[in-house]
Amino acid sequence: MPSSGHRLRDVEHHPLLSENDSCDPAASSPAEADAADRVWFIRDGCGMVCAVLTWLLVAYADFVVTFVMLLPSRDFWYSVVNGVVFNCLAVLALSSHLRTMLTDPGAVPKGNATKEYMESLQLKPGEVIYKCPKCCCIKPERAHHCSICKRCIRKMDHHCPWVNNCVGEKNQRFFVLFTMYIALASVHALVLCGLQFIACVRGQWTECSDFSPPVTVILLIFLCLEGLLFFTFTAVMFGTQIHSICNDETEIERLKSEKPTWERRLRWEGMKSVFGGPPSLLWMNPFVGFRFRRLQTRPRKGAPEFSV
C-alpha cells in the first residue's frame with residue numbers, strides 16, 4: 001500500500017473513514033459479487049447517440065463499397081477479394097466496438113469503504129488508504145472517478161463517448177483494436193473510392209455503377225469525407241494508445257503530469273499486460289474471452305450502468 005505522501009498528490013483522493021463518516025449500504029448491491037455475469041452498459045444519452053452514429057457510418061461505408069463500387073464491377077475477383085477484406089475489417093471493427101462498450105473497464109466496487117472492510121484488510125499501524133467520496137469506495141492507486149460512469153475506474157485513460165464507456169484496465173485492448181480496424185477500413189475505402197473515380201472517368205459513368213452519375217458522385221464524395229475523418233481520428237487515437245501502453249502511463253496521468261509512484265513496465269511488458277500473453281495473432285482477435293451471458297434485468301439504485 002503506497003504511503004500517504006504519494007496519495008496526497010492526487011487531489012481526487014480523500015482519507016478513508018473518520019469516526020463520523022459512513023457509507024450507504026444501499027450504494028453497494030449484492031449484484032457486485034457476480035459482476036462477471038453481467039453485461040456492462042452505461043446509460044448516457046450522448047454516448048448512446050455517438051455509439052449508434054458510429055454503427056450507422058460504418059453501415060453507410062459498407063453499403064457504398066458493396067453496392068456502388070464492387071457489385072457493379074465486371075472484374076469478379078476484384079469484387080470478391082475487396083468485398084471480403086472490407087467486410088472482415090468492418091465486422092472486426094464493430095466487434096471491437098461492442099467489446100469496448102459492453103466490457104467493465106475496471107470499475108471499483110461501490111460502497112466498499114466501510115469500517116468492516118477496512119478491518120478485513122489488516123492494515124499496518126500508520127498505513128493510509130483513501131476513499132472516493134462520490135461512489136464511497138476504497139480508491140486503488142491509479143484509479144480515477146468518472147463523472148459520466150459514476151464509478152472509479154482502475155487505470156482510467158479517458159471516457160470516450162464514441163464507445164459510450166471509459167477506456168480502462170479491462171477494455172483498453174478492445175479500444176485499441178477498434179481504432180486500428182476503423183483506420184484500416186477507412187484506408188481501404190479511400191483506395192477503392194480513388195480506383196472507382198478513375199474507372200468512371202476513363203469509361204462511361206452510366207456503366208461504372210448501378211446508380212445514376214450524380215448519385216454515384218455524391219455517395220463517393222461523402223464516403224471520402226467520412227474515410228478521411230475516421231482515419232485521422234482513429235489513427236491519432238491508435239498512436240496515442242500505443243504510446244501510453246508502452247510508457248505505462250494513462251492519458252489522465254499524462255495530462256496531470258503525475259510523477260509515477262509505481263514501477264513502470266518495460267514496453268513489451270506493458271503490451272503483454274494489455275493484450276494478454278506473448279505476441280501472437282490472438283492480440284488481433286476481439287473475440288478472445290467472449291462468452292454469452294443470460295439476459296437478466298437487474299435494476300440498481302443510483303447506478304448508471306444497465307445490467308443484463
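Quick notes on the rules
Residues numbered from 1 in each chain as written. Predicted model: local features only at pLDDT ≥ 70, side-chain atom pairs only at ≥ 80, totals over all residues. Heavy atoms only, no water. UniProt positions renumbered as here; feature names shortened; annotations may be inferred. Axes fitted to C-alpha atoms, helices over the stretch in contact; angles between N-to-C directions. Helix = DSSP H or I, 4+ residues; strand = E, 2+ residues; numbered from the N terminus. Left-handed = near helix turned anticlockwise from the far one by under 90°. Buried < 20%, exposed > 50% of the residue type's maximum accessible area, 1.4 Å probe, protein only. Pairing = 2+ DSSP bridges. Core = buried A, V, L, I, M, F, W, Y, C linked by side-chain atoms within 4.5 Å. Contact = heavy atoms within 4.5 Å. Parallel < 35°, antiparallel > 145°, perpendicular 65-115°, else oblique. Nonpolar A, V, L, I, M, F, W, Y, C, P; charged D, E, K, R; others polar. pLDDT = per-residue confidence, 0-100.

As named in an unreviewed UniProt entry, the protein chain is Palmitoyltransferase, taken from Rangifer tarandus platyrhynchus. Its UniProt record, at the heading Catalytic activity (unreviewed entry), says of the protein chain: "L-cysteinyl-[protein] + hexadecanoyl-CoA = S-hexadecanoyl-L-cysteinyl-[protein] + CoA". Looking at the Subcellular location (unreviewed entry) heading of the UniProt record, one finds this comment for the protein chain: "Membrane".

1. A closer look at the packing of helix α5 (residues 172-202) against helix α6 (residues 213-247)
It is the contact of α5 with α6, at a shortest axis distance of 7 Å, that shows an interaxial angle of 150 degrees. Note that α5 runs across α6; the crossing there is left-handed.

2. Thoughts on unusual backbone geometry
Positioned with a positive phi, Lys155 is a non-glycine residue whose angle comes to about 50 degrees. By secondary structure assignment, the location of Lys155 is in the loop between β5 (151-154) and β6 (158-160). The phi dihedral of Asn164 falls on the positive side, at around 50 degrees, and the residue is not glycine. With respect to the helices, strands and loops of the structure, Asn164 is situated in the loop between β6 and β7 (165-167).

3. A short note on the pairing of strand β4 (residues 143-146)
Of the two faces of β4, the one holding Ala143 and His145 and the one holding His144 and Cys146 are both buried throughout. By the bridge criterion, 4 bridges tie β4 to β5 in an arrangement that is antiparallel. Bridging from a neighbouring strand, His145 pairs with Cys152 of β5. Between β4 and β5, which pair antiparallel and follow one another directly, the connecting turn spans 4 residues, one of which, Lys150, has a positive phi of 60 degrees.

4. Things to note about the nonpolar core
Counting residues in each nonpolar core, the largest one holds 38 residues, and the members touching the most others are Val64, Val65, Met69, Phe175, Leu223 and Phe275. The set of elements that each furnish at least two residues to this core consists of α2 (45-70), α3 (76-102), α5, α6 and α8 (267-275). Examining the composition of this core, we find that 11 residues originate from one element, α5, more than from any other. Apart from the residues within four sequence positions on either side, Val64 is in contact with Met69, Leu219, Leu220 and Leu223. Among the nonpolar cores identified, the runner-up in size contains 9 residues, and Trp40, Ala107, Cys146 and Ile153 belong to it.

5. Examining the packing of α6 against α8
At their nearest, the axes of α6 and α8 sit 7 Å apart, and the two run at 115 degrees to each other. Here α8 runs roughly perpendicular to α6, going by the angle between their axes. Along its contact with α6, which presents Ile242, Ile245 and Cys246, the element α8 presents Arg267, Gly270, Met271, Val274 and Phe275. In the contact of α6 with α8, the residues fall into 6 nonpolar, 1 polar and 1 charged.

6. Brief notes about the UniProt feature "transmembrane region" (unreviewed entry) in the protein chain
UniProt records the feature "transmembrane region" (unreviewed entry) for residues 48-70, 76-94, 174-198 and 218-238 in the present numbering. Helix makes up 100% of residues 174-198 and strand 0%, and the two end C-alpha atoms of the span are 36 Å apart.

7. Digging into the confidence of the model for the protein chain
In the predicted model, the protein chain carries a mean pLDDT of 80, and the fraction of residues at 70 or more is 78%. No element of the protein chain has a lower mean pLDDT than helix α1 (residues 4-7), which averages 37, and none a higher one than α3, which averages 96. Segment residues 295-308 is flagged for pLDDT under 50; beyond a separation of four residues in sequence, or across chains, it makes 39 contacts in the model.

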